Amino acid sequence: MTGEGDGELGRGNGPRCVFPLEEALSVLRGRIRERPEVFLVLGSGLGALADEMAEGVEIPYGEIPGFPEPGVAGHSGRLVAGRLEGRPVLLQAGRFHLYQGHSSETVQAPVRLAAALGAGTVVLTNAAGGIGPHLPPGSLLLVEDHLNLMFRSPLAGPPREGEERFPDMSAPYHPGLQDLAREVALSLGIPLARGTYAAVLGPSYETPAEVRFLARVGAQAVGMSTVPEATVARALGLRVLAISLITNLAAGLGGTLSHEEVLEVGRVAGARMARLVRGIVGRLPRGS
């Protein structure tokens, strides 16, 4: 439900898109007061958490070299640097997707910027379709693993300095962070399912046949984001946690699908996700 468009080679056989990383870093370093420990990415309908940041400094995308406007309803378009539960956090409100035609470089740029600024932990949230009756709309799913069905690698192209060429993806989502998420959810009385997230390119929702296929290959949720960011974060050696907010039943399991439905469920259930994320951030080991 949240994905990407043209990749490293751009449209057709055009030139590789190069994101102006150093220019963007120069702008951010001039605006951010302290090194972020955590980089937090907000999914559709979850933008309210950005307004809860203490001492927040907002940097609109239009002021960051190389950043396009987000272009998806429910996504704003800003980075916010501040404190959440007393921890320095860099927050992305309005992610970029391949299905919008952005290059892989652009989609992954916020993770690379956060790493260069000092963040060691990445927390990814997303809106996703639930596969199976145990995940009704409003459920939260802790992502234990993923299926990259975007049919491209986020790391394709020349290797980048400081990134692992062949990152180990046997544990893409940090086991210790998953344990922490489960502990926090239990202490808050928030049900937290576990499973595999399938990433598809989009932007159309999946057909019933595709959903049956996803169920057979082991997916519990499907969306159009997260995997590109998680993969480049692992190549950078960052710890990654991902949580899906199930906003609808996937095609063939319920009624018709619409982005408005995604946003409405995100608005209603987003407060529960925000409580969970705040609890996790507040209990992260110091220096994360």
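Just so you know, these numbers come straight off a predicted model, no measurement behind them.

**Points about the pattern of salt bridges**
Evaluated as defined, the whole model comprises 14 salt bridges. One salt bridge in this structure joins E58 and R78, with 2.5 Å as the shortest N-O distance. Of this pair, E58 sits in strand β2 (residues 54-60) while R78 sits in strand β3 (residues 78-84), and the two are 20 residues apart along the sequence. Looking at E58, the relative accessible area reads 42%, which means it is partly exposed. Taking the shortest distance from any N to any O, the salt bridge between R278 and E85 comes out at 2.8 Å. With R278 in helix α6 (residues 259-282) and E85 in the loop between β3 and β4 (87-93), this residue pair connects regions lying 193 residues apart in the sequence. With relative accessibility at 23%, the residue R278 sits in the partly exposed group. Taken together, the shared-partner salt bridges connect E105, R112, R160 and E163 into one network.

**Observations regarding helix α5 (residues 227-235)**
With 8 of 9 residues buried, α5 lies mostly within the body of the structure. Every buried residue belonging to α5 is among V227, P228, E229, A230, T231, V232, A233 and A235, and all of these are buried. On its buried face, α5 is in contact with β1 (38-42), α2 (104-117), β5 (121-130), β6 (140-149), β7 (193-200) and β9 (239-249). A positive backbone phi angle near 80° is found at G237, which sits one or two residues after α5.

**Concerning the confidence of the model for the chain**
Of the residues in the chain, 85% reach a pLDDT of 70 or more, and the chain-wide mean stands at 87. Per-element confidence in the chain is highest for helix α3 (residues 175-188), whose mean pLDDT is 98, and lowest for α6, whose mean pLDDT is 81. Contacts from residues 1-15, a stretch scored under 50 in pLDDT, to residues over four places away or in other chains number 69 contacts.

**Focus: the environment of P172**
Here P172 lies in the loop between β6 and α3. Among the residues examined, P172 registers a relative accessible area of 2% and is labelled buried. As for P172 and R234, which are separated by 62 residues in sequence, their C-alpha atoms are 6.8 Å apart. Excluding its chain neighbours within four sequence positions, the residues that come into contact with P172 are D145, H146, R234 and V240.

**Here's the deal with the nonpolar core**
Counting residues in each nonpolar core, the largest one holds 46 residues, and the members touching the most others are L28, F39, I64, F67, L90 and L113. If you tally residues by element for this core, the top one is α2, at 6 residues. Setting aside residues up to four positions removed in sequence, L90 forms contacts with I32, P36, V38, F39, L40, L79, V80, A81, A114 and L117. Counting residues in hydrophobic clusters, the runner-up holds 33 residues, among them A50, M53, L192 and L276.

**Re the packing of α2 against α5**
Geometrically, a packed helix pair is captured by the angle between its two axes and the distance between the axes. Closest axis-to-axis distance for the α2/α5 pair is 9 Å, and the angle between their directions is 45°. Compared by their axis directions, α2 and α5 come out oblique. In the packing of α2 onto α5, the handedness of the crossing is right-handed. Facing V107, Q108, V111 and R112 of α2, the residues of α5 in contact are P228, E229, V232 and A233.

**Some points on the packing of aromatic side chains**
One pass over the structure, following the stated rule, counts 4 aromatic pairs. Measuring from centroid to centroid gives 5.1 Å for Y61 and F67, while their planes differ by 70°, and the two rings are edge-to-face. When its relative accessible area of 0% is taken as the criterion, Y61 is described as buried. Members of the aromatic cluster, connected to one another through ring pairs, are F19, Y61, F67 and F96.

**Some points on the environment of E52**
Inspection of the secondary structure assignment puts E52 in the loop between β1 and β2. Considered as a pair, E52 and G82 are 30 residues apart in the sequence and their alpha carbons are 9.5 Å apart. Polar side-chain contacts of E52 include one of 2.6 Å to the side chain of R278.

**What about the pairing of β6?**
Pairing analysis gives 3 bridges linking β6 to β9, with the strands arranged antiparallel. Opposite L141, over in β9, you have S244 as the bridge partner.

**Some words on the pairing of β4**
Counting buried residues in β4 gives 7 out of 7 residues, a clear majority hidden from the surface. In β4, alternate side chains face the same way, and those of R87, V89, L91 and A93 on one face and P88, L90 and Q92 on the other are all buried. Inspection of the sheet shows β1 paired to β4 by 5 bridges, in the parallel sense. Along β4, the bridge assignment pairs V38 with V89.

Cut-offs used in this document
Residues numbered from 1 in each chain as written. Predicted model: local features only at pLDDT ≥ 70, side-chain atom pairs only at ≥ 80, totals over all residues. Heavy atoms only, no water. Salt bridge = Lys/Arg side-chain N within 4 Å of Asp/Glu carboxyl O. Helix = DSSP H or I, 4+ residues; strand = E, 2+ residues; numbered from the N terminus. Buried < 20%, exposed > 50% of the residue type's maximum accessible area, 1.4 Å probe, protein only. Contact = heavy atoms within 4.5 Å. pLDDT = per-residue confidence, 0-100. Core = buried A, V, L, I, M, F, W, Y, C linked by side-chain atoms within 4.5 Å. Axes fitted to C-alpha atoms, helices over the stretch in contact; angles between N-to-C directions. Parallel < 35°, antiparallel > 145°, perpendicular 65-115°, else oblique. Left-handed = near helix turned anticlockwise from the far one by under 90°. Phe/Tyr/Trp six-rings, centres within 6.5 Å; stacked < 30°, edge-to-face > 60°. Polar contact = N/O pair within 3.5 Å; in protein donor to acceptor, adjacent residues only side chain to side chain. Pairing = 2+ DSSP bridges.

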